[in-house]
Each structure stands twice: as structure tokens, then as C-alpha cells.
Amino acid sequence: PLSRIVVSKQTLKAQPKSPMPPPKKYINFTKLAPFTRIAKQHAQNEGDVRSYVAITCPHCDMAFVEIPCDRLATNKASECKRHLLNCAVGACAVEPVKRKRAVGGAYPCDQLAEKNAEIAVLTLAEAKLTASNERLA
């Protein structure tokens, strides 16, 4: 009797999730208190309001952008980087911060080799199973 090996594509593509979230960037840029005003985009009348937060540069002490509160997590880093590239103060004329990868989320070399070998075995088993199924059909 033939024994069947079931290999899903999920098994082949399984990657471990990083245990820690990525480190925050541009933490020295301060956010001011939130304020409400007419929305910048798609405002139909004065009733279309949105909460915004102004971001202040630590080098030139200037509030350079207003970001909607609900978009702060996704837009702050890119706005800070854009400001650093164009800031007139000499202290701001440094390279933008590059995020360092967390070591905990990556495989050490020996575990990576084991994982690659396991994937190769599963791929080979799937190929053999496909070939045997084609011969039976």
C-alpha cells in the first residue's frame, strides 16, 4: 500500500513571527497636543473635522507637519525623514535613522540550515507524491 504524505504550501512557506515589534524611529521628535480642525482632504463642509497632531523637530524647534491622529503610526517616520533631508539647521543635516533588526526574530545559522533542509525534504516528498499520483491516473 502507498502511504500518502500531505504537504501544504503553508508548511513550505511557514516563517516564524518576530517576537518583538520593530523599534520606534525618530523618538526625539515630539508630538504636540492634538487639535481638531476642518479636514485637509475631502471636506464637504465645516462639519467635516478631524483631529491632527503637529510634530516638532528637536534640532530646529519647528513644527514642520500636521498629521491626522489616526495616521500618526504610519506617517510619522516618513515625515520626519523628509524633514531631516530638507532641514536648514546643520544638526539636522545628518543621515536619517536606519532601524536595526531585532536579533530575536532571525534564525541563527544552524537553525536556518536545519529549516532549509526540512523544506527541501518536504518539497522532494511533494514532487514524489505528485509523480506517483500522475502514474496512477
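Quick notes on the rules
- Each chain has its residues counted from 1, following the order in which its sequence is written.
- Selection of residues for local features in this predicted model requires a pLDDT of at least 70, selection of side-chain atom pairs for listing and counting requires 80 or more, and totals for whole chains, interfaces and linings are taken over all residues.
- As a rule here, side-chain values come from all non-hydrogen atoms in the structure, and water together with hydrogens is ignored.
- A run of DSSP states H or I qualifies as a helix once it reaches four residues; a run of E qualifies as a strand once it reaches two. Both are numbered from the N-terminal end.
- Using a 1.4 Å probe on the protein chains alone, a residue whose accessible area is under 20% of its type maximum counts as buried, one over 50% counts as exposed, and one in between counts as partly exposed.
- Should any heavy atoms of two residues lie within 4.5 Å, those residues are considered in contact.
- Exposure was quantified through the Shrake-Rupley algorithm and a 1.4 Å probe, taking into account, for residues, occlusion by the shown protein chains and nothing else.
- Whether two aromatic rings pair depends on their centres lying within 6.5 Å, for rings of Phe, Tyr and Trp, where Trp uses its six-membered ring; planes under 30 degrees apart make the pair stacked, over 60 edge-to-face, and the rest tilted.
- Comment: the charge-over-ring label is applied if NZ (Lys) or CZ (Arg) is within 6 Å of the ring centre and within 35 degrees of the ring normal.
- Scored between 0 and 100, pLDDT is the confidence that the predictor attaches to each residue.
- Pairing between strands is defined by DSSP: at least two bridges between them are needed.

1. Focus on the overall build of the chain
For the chain, the count of helices and strands is three helices and four strands. Order of helices (α) and strands (β) in the chain, N terminus to C terminus: α-β-β-β-β-α-α. Burial analysis of the chain (137 residues in total) assigns 20% to the buried set. Sequence separation of at least 24 residues holds for 46% of the intrachain contacts in the chain that already meet a minimum separation of 6. Taken as a whole, the chain presents about 10700 Å² of accessible surface, with 56% of it coming from carbon and sulfur.

2. As for the packing of aromatic side chains
Scanning the entire structure with this criterion turns up three aromatic pairs. Taken together, a centroid distance of 5.8 Å and an interplanar angle of 85° make the contact between Y26 and F29 edge-to-face. Linked through ring pairs, Y26, F29 and F64 together constitute an aromatic cluster. The ring of Y52 has R37 sitting right over it, with the charged end atom 5.2 Å from the ring centre.

3. Here's the deal with the confidence of the model for the chain
Segments scoring low in pLDDT should not have their predicted coordinates read at a detailed level. Residues of the chain with pLDDT of at least 70 account for 68%, and the chain-wide mean is 77. Across the chain, strand β3 (residues 49-56) holds the top mean pLDDT of 93, while helix α1 (residues 9-13) sits lowest at 56.

4. Focus: the pairing of strand β4 (residues 63-68)
By the bridge criterion, five bridges tie β3 to β4 in an arrangement that is antiparallel. Along β4, the bridge assignment pairs I55 with V65. Between β3 and β4, which pair antiparallel in sequence order, lie six residues; one of them, D61, sits at a positive phi of approximately 50°.

5. Points about the environment of N28
Looking at where N28 falls in the secondary structure, it is placed in the loop between α1 and β1 (30-31). With 30 residues separating them in the primary sequence, N28 and P58 have C-alpha atoms 6.3 Å apart.

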